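Observations on chain architecture
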Amino acid sequence: MGALPIPCFPCSPMPTPSPPIATRDGSHRGAFSNWKLLVLFLGTALALIAGGAGFYFQQEQVVVTEHYNQLQSVARMKASQIFAWRQERLADARMNSSGMIRTLVREWSVTGKPETLEEIRERLAFFQENEGYANMILADAHGRILLSLMPRVTELEKEEQALVYQVAASAVPMFGDFYHCRNCRMIHMNIAAPVLDKNNRVLAVLLLIVDPGQSLYPVIQSWPIKQSNAETLLVRAQGDHVLLLSKLLHEPQATLNYRVPLSNTASPAVQAALGQTGLFRGLDYRGVEVLADLSAIPETGWFMVTKMDALHARAELRFRGVCILLLVVMGAIMTGILVRLTTLSRQKSLTDALLNEEFEHRQTRGEIRATLYSIGEGVISTDAAGLITRMNPVAEQLTGWHEAEALGKPLTQVYRVIDEETGEPVASPVDRVLREQAIVRMSHHTLLIARDDSRRPIVDSGAPIRNEAGQITGVVMIIRDQSKRRAMEKARAESAKRYADLLESISDLIWQTDREHRLSYASPRCLDMLGYSPRECVGLSWLDLLSPNNDSEATRTLVETMAALQPCSQLCLTCRTRDGREVILESNATPVFDQKGRFAGYRGVSRDITERKRTEEAQKRLESQLLQSQKMEVVGRLAGGVAHDFNNMLTVIGSYVEMTLSDLTEQHPLYRRLFEVHKAVQHSADLTRQLLAFARKQVIAPKVLDLNETITAALKMLQRLIGEHIDLQWQPGASLWPVRMDSTQIGQVLANLAVNARDAISGAGHLHIQTANVVVPADDAPCLELSPGDYVLISVKDDGCGMDQETQSRIFEPFFTTKENGCGTGLGLATVYGIVKQNDGAITVASAPGQGTVFHVYLPRAEFSANAMPLTNGAIRQRGVETILLVEDEYAILELAAYILEQRGYTVLMTRSPAEAVDLARRHQGAIHLLLTDLIMPEMNGRDLARTVRDILPAVRVLYMSGYTADIIAHHGGMERLGHFLEKPFTASQLTRKVREVLDQG
């Protein structure tokens, strides 16, 4: 809500005529001007004083910084000089311990000639004279003096002897520390260097005795600029004290005798020994405050204190302070002169202006009164005490008071205002204006109580009325009636709330676009659907929200509809949400035109149908899978129905042909023809097994397998199948889980997939086989027709020609092939499908024309348990003399099996009836070693027969045979519980081999 206009009042409105104010205003104005000039003078003086003080403190920092920089420069120079002095002394020691001195010492150590020792003395004396050393001593490794240039020195000092031991042990030159010489009562330092023999063993140690007072102390004490209160100290830590090593300026005899306890932290020497570096203020050995730079001497245990008296820095600072004070005093005097001149000038100009202002003042008062009474809002003015001085007609109407009645009354009596929410009286606006001395806008939530106790909402503001001197002489109040505005706002708010509630209750997204097809409005549902807030959606177009996976036809329809400005209905668009998800929106929209017929945008409604679409797609997929499963089941039942009879016929044909061939030579005219018949029987048997494998009804002997080992063993066979022009790549998975499956079925699956890949590759290519462990979650299990859990994945990938979606939908159908007539049976992939399903697995295919094919085979993870039957060692004998009870309801098979076994030497008791077989078992006088029985018979199945016979003959062994499918066999107990089993069709050799195997296993 905008602020109320505040009229400008140059002076306080007066209810009655006032006497002339020229003299009074003139005196006031003059006094005010003089007061201001005095304040200006005092302010300028204070500013000069503050500026001078600030400049003084700044100069104090400058002086301290300058002296510290000077100390730091001297300290760095001294440190480098001391380091260079030490390096020169070490170089002297190395030079004198090598070269000719080394040669002479070696010679003297061998010959012991005095003249050799004298020559060493002469050379050392020459060097001592030129370099200024106090003495030079040649000692052996045990610290005994061999030669000293000072004859009175016959024994080494303890510091010298300790240094000799260190050099003799390390064979490197070393620098000693300061010490008092007991022979000459002076301070000395030592430099020691080893004299080595040809094998670099220490023959002797050369000691160079230095008087630091002649060489080192002058270097320390000299300064670039001579100053009487500055000096440099060398110190080192010794126990719980700090020892001064160099001469003191004010106490020359204190060298190596003056110690400062480490507890005296105000001492620069102590701070240096404690490791502090840089600027430090403290008290020196005299107790005088000093500025010091602390540093450590490299490669030594020494610390250097470069210091000067703080009094010297203060003297310079005092001089600068006096200069600053003089400048401040001169500035204050000049300011006073300027203020006086300005006062005289203003007094003259004020006298001339007073007459003009009095005339303008009277004219302005009339204009103000006319303005107040013409304003559309209520206006009430008061004096500084809060008494009403004027009211306009609008204020009279709002308060119910006439101006004549209200004049002179307190504002709180006429203008009663309470808080709209609490009903508490609102503080007097006059008090607040007088307190804050500025324009005040009161609360919008207030009610004005009129004289007749009626109430109406208002908004008000107050402003101070000032005279020419700036003093507040009263307050003017501006009052605006808010009754009509409140009613309009209430109606608008209720309408907006109804509209917002309506939008919130609608589950669909309501939106509107502008002429550029960009969203100008989106209902709050956009946050749930797209992840964008309504504000974030503004400025986006539907094309910005579309997913890259959106149907191209739907995108084209959207663009064409918007270009033609036509309505759209049930347009499905795939959009990408803010977090990357994809949602499908079904939209209905209508173009909107303004009053001039110009296009203004679209208004539409969008509904999230993602779950509905997913449900529909899942339903279609399940229906397709169900249809495929039903189709496979029909073919499987057909295959299983003919398997038994077909296997019996193949058994009779194959066995008789095999026995006939064994009686003929290869040169016999009928041998070749019978051999082709035998091959046809074998091919028919294989075809039957493939059909049963596809129908998941073949008889298998599953066991726990390591697929990596099984596939590795089959690689040579697979390479022969696909040929040398195709590169076979094998990538076994790590720590692969075991599976429970017939190993021959694994070979069938790999062989069929490899042949399929070979036929798809023209020329050279690659076939990649890979295994891995996978976990199928509950969400993906229905699509794969699997139960959630652990599976082993076999991936077979080729880079062949690939296939389209229509071909992929039929590849597992039996007898479906893309090869030319006569080039394939169409049972390869159908067999793979059947084997995988028989083992509770799943197979998927991914392919595209020109992009190769990938088959994924999922096999369930098995526990580490196996029912593998023990194998016999050695060759199995084909003949025997045992007695066999043969039971078979198919007469041809009965006669055939009895003939084969009798030919091999066995005694055969044969019958077609299980009951008769039980009777034979009871009546036969001799032993019956084996019961060979069909598994499925009319009167009694083979399992029950075997149980009955074993009750009679406990030691009899049992061999079952059957041509029925695996599901029927499972209904009668399953392979695992049957034991020995012979699958039909079988040949004579297979029968005799299996019989011999069972009998020999005991």
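What counts and what doesn't
- Residues numbered from 1 in each chain as written.
- Predicted model: local features only at pLDDT ≥ 70, side-chain atom pairs only at ≥ 80, totals over all residues.
- Heavy atoms only, no water.
- UniProt positions renumbered as here; feature names shortened; annotations may be inferred.
- Helix = DSSP H or I, 4+ residues; strand = E, 2+ residues; numbered from the N terminus.
- Buried < 20%, exposed > 50% of the residue type's maximum accessible area, 1.4 Å probe, protein only.
- Contact = heavy atoms within 4.5 Å.
- Areas by Shrake-Rupley, 256 points an atom, 1.4 Å probe, with all protein chains shown as cover.
- Pairing = 2+ DSSP bridges.
- Axes fitted to C-alpha atoms, helices over the stretch in contact; angles between N-to-C directions.
- Core = buried A, V, L, I, M, F, W, Y, C linked by side-chain atoms within 4.5 Å.
- 1 Å grid on protein atoms, 1.4 Å probe; cavity = no way out; pocket = protein on both sides within 12 Å on 5 of 7 lines; lining within 4 Å.
- Points joined across faces, edges and corners; volume = space filled by probe spheres on them.
- Nonpolar A, V, L, I, M, F, W, Y, C, P; charged D, E, K, R; others polar.
- Phe/Tyr/Trp six-rings, centres within 6.5 Å; stacked < 30°, edge-to-face > 60°.
- Left-handed = near helix turned anticlockwise from the far one by under 90°.
- Salt bridge = Lys/Arg side-chain N within 4 Å of Asp/Glu carboxyl O.
- Arc of directions from axis to C-beta.
- Polar contact = N/O pair within 3.5 Å; in protein donor to acceptor, adjacent residues only side chain to side chain.
- Parallel < 35°, antiparallel > 145°, perpendicular 65-115°, else oblique.
- Disulfide = S-S within 2.5 Å.
- Expected span 1.5 Å × (residues − 1).
- Patch = residues over 30% accessible without salt bridge, like charges linked within 9 Å, V, L, I, M, F, W, Y side chains within 5 Å.

Per an unreviewed UniProt entry, the protein is named histidine kinase, and its organism is Desulfobulbus propionicus. As recorded by UniProt, the Catalytic activity (unreviewed entry) comment attached to the protein reads in full: "ATP + protein L-histidine = ADP + protein N-phospho-L-histidine."

It is worth spelling out the overall build of the protein at this point. In terms of helices and strands, the protein carries 29 helices and 36 strands. Across the 1002 residues that make up the protein, the buried fraction comes to 44%. Within the protein, residue pairs in contact and separated by at least 24 positions form 60% of the contacts whose partners lie at least 6 positions apart. For the protein, the exposed surface amounts to about 52600 Å²; the carbon and sulfur share of it is 55%.

Our next topic: the sheet that holds strand β34 (residues 930–934). Taken in spatial order, the five strands make up an open sheet running β33-β32-β34-β35-β36, and their pairing is parallel. Of all strands in the sheet, those with a lone pairing partner are β33 (907–911) and β36 (981–983), marking the two edges. Put simply, the sheet's adjacent strands are angled 20 degrees from each other on average, direction ignored. The sheet contact formed by strand β32 (residues 883–887) and β33 spans five bridges and is parallel. Residue pairing in the sheet places I884 in a bridge with V908 of β33. Across the sheet, helix α25 (residues 914–923) lies against β32 and β33, angled at about 160 degrees from β32, the strand it touches most.

As a further point, take the pairing of strand β10 (residues 278–283). One ladder, built from six bridges, connects β10 with strand β11 (residues 289–296); its direction is antiparallel. Residue pairing for β11: R281 is matched across the bridge by L291. In this antiparallel pair of consecutive strands, β10 and β11, the connection spans five residues, and G287 shows a positive phi of 85 degrees.

Moving on: the nonpolar core. Generally speaking, soluble globular proteins have nonpolar side chains that are buried together. In this structure, F178 and L234 are the most contacted members of the largest nonpolar core, which totals 39 residues. Those elements that place two or more of their residues in this core are α1 (22–96), α2 (99–111), α3 (114–131), β1 (135–139), β5 (187–196), β6 (202–210) and α5 (216–221). Looking at this core, the element that brings in the most residues is α1, giving six residues. Once you skip the residues sitting within four places of it in the chain, L234 turns out to touch I82, F178, L216, I220, L243, L244, L245, S246, I297, W302, F303 and M304. The next biggest cluster of nonpolar side chains, apart from the first, holds 36 residues, and it includes I726, V739, A754 and V836.

Next up on the list: empty space enclosed by the protein. Taken as a whole and assessed by the stated rule, the structure comprises five cavities of 30 Å³ or more. Here the largest cavity is characterised by a volume of approximately 120 Å³. The wall of the largest cavity is formed by 13 residues, among which W511, W542, L558, C568 and A589 lie closest to the centre. Taken as a whole, the second largest cavity spans an internal volume of roughly 80 Å³. Together, 14 residues line the second largest cavity, and N135, V153, E160, C181 and N183 are the ones closest to its centre. Here the lining of the second largest cavity is composed, by residue class, of seven nonpolar, three polar and four charged.

Moving on to the packing of aromatic side chains. Inspection of the entire model under this criterion finds nine aromatic pairs. When the centroid spacing of 6.0 Å and the interplanar angle of 15 degrees are considered together, the rings of F178 and Y217 count as stacked. With a gap of 39 residues between them, F178 in the loop between β3 (174–175) and β4 (179–180) and Y217 in helix α5 connect regions that are remote in the sequence. One exposure class covers both F178 and Y217, and it is buried. Taking 5.2 Å as the distance between ring centres and 70 degrees as the angle between the ring planes, the aromatic pair formed by W511 and W542 counts as edge-to-face. Placement of the pair is W511 in strand β20 (residues 509–513) and W542 in helix α15 (residues 542–545), with a sequence separation of 31 residues.

The axes of two packed helices give the description: the angle between them and the distance between them. At a minimum axis separation of 9 Å, helix α20 (residues 743–760) and helix α23 (residues 828–838) run at an interaxial angle of 145 degrees. Crossing handedness for the pair α20 and α23: left-handed. Facing Q745, Q748, V749, N752, L753 and N756 of α20, the residues of α23 in contact are G828, L829, T831, V832, I835 and Q838. Taken together, the residues of the contact of α20 with α23 break down into five nonpolar, seven polar and no charged.

Bringing the pattern of salt bridges into the picture now. The final tally for this structure, using the stated rule, is 37 salt bridges. For E536, the salt bridge is made with R578, and the minimal N-O distance between the two is 2.6 Å. Residue E536 is found in helix α14 (residues 534–537), and its partner R578 is found in the loop between β22 (568–576) and β23 (582–593); the two are separated by 42 residues along the sequence. Across the pair R861 and D790 runs a salt bridge, and its minimum N-O distance is 3.1 Å. Here the residue R861 occupies a position in the loop between β31 (853–860) and β32, and D790 occupies one in strand β29 (residues 789–798), the gap between them amounting to 71 residues. Its relative accessible area of 39% is what places R861 among the partly exposed residues. Residue class for D790 comes out partly exposed when judged on its relative accessible area of 29%. The structure contains a network of salt bridges with shared partners spanning E231, D284, R286 and K307.

This paragraph deals with α25. Those residues of α25 that sit buried are P914, A917, V918, L920 and A921. Viewed end-on, α25 has its buried residues packed into an arc of 160 degrees, placing them on one side of the element. Where α25 begins, one side-chain oxygen reaches toward the backbone nitrogen of A915, 3.3 Å away; that side chain belongs to S913.

Time to look at the environment of M308. With respect to the helices, strands and loops of the structure, M308 is situated in strand β12 (residues 303–309). Judged by its relative accessible area of 0%, M308 is buried. Once residues lying within four places of it in the same chain are set aside, the contact partners of M308 are H67, Q70, L71, Q227, N229, A230, V290 and L291.

Turning our attention to the packing of α25 against helix α26 (residues 942–952). One way to put it is that α25 packs onto α26 with a least axis distance of 10 Å and a crossing angle of 15 degrees. When the axes of α25 and α26 are compared, the pair comes out roughly parallel. Judged by the sense of rotation from one axis to the other, the crossing of α25 with α26 is right-handed. Across the interface between the two elements, P914, A917, V918, A921 and R922 from α25 touch L945, T948, V949 and I952 from α26.

Simply put, the disulfide is a covalent bond whose two ends are the sulfur atoms of two cysteines. In total, this model carries zero disulfides according to the counting rule given. Sulfur of C526: no disulfide; nearest cysteine sulfur belongs to C537 and is 3.8 Å away.

Take α3 next. Here α3 spans 26 Å end to end across 18 residues, near enough to the 26 Å set by a 1.5 Å rise per residue. Of the positions making up α3, those classed as buried are T116, L117, I120, L124, F127 and Q128. The buried residues of α3 occupy one face: seen down the axis, they fall within an arc of 115 degrees. Opposite the packed face of α3, turned more than 90 degrees from it, sit the exposed residues P114, E115, E122, F126, E129 and N130. In the segment just after α3, G132 is the residue with positive phi, at about 80 degrees.

Moving on, we come to a nonpolar patch on the surface. Taken together, the side chains of L325, V329, I333, M334, I337, L338 and L341 present a nonpolar region at the surface, about 700 Å² in accessible area. Structurally, the position occupied by L338 is in helix α7 (residues 310–374).

Turning next to the sheet that holds β23. Working definition: the strands of a sheet are paired by backbone hydrogen bonds and lie parallel or antiparallel to each other. Spatially, β21-β20-β24-β23-β22 is the arrangement adopted by the five strands of the open sheet, whose pairing is antiparallel. Edge positions in the sheet fall to β21 (519–522) and β22, since each has one partner strand and no second. Here the strands of the sheet are splayed against their neighbours by 30 degrees on average, with no regard to which way each runs. Pairing geometry for β23 and strand β24 (residues 599–608), over nine bridges, is antiparallel. Across the sheet, the residue bridging to N588 is V605, located in β24. Relative to β22, helix α16 (residues 552–564) is tilted by about 125 degrees, and along the sheet it contacts β22 and β24.

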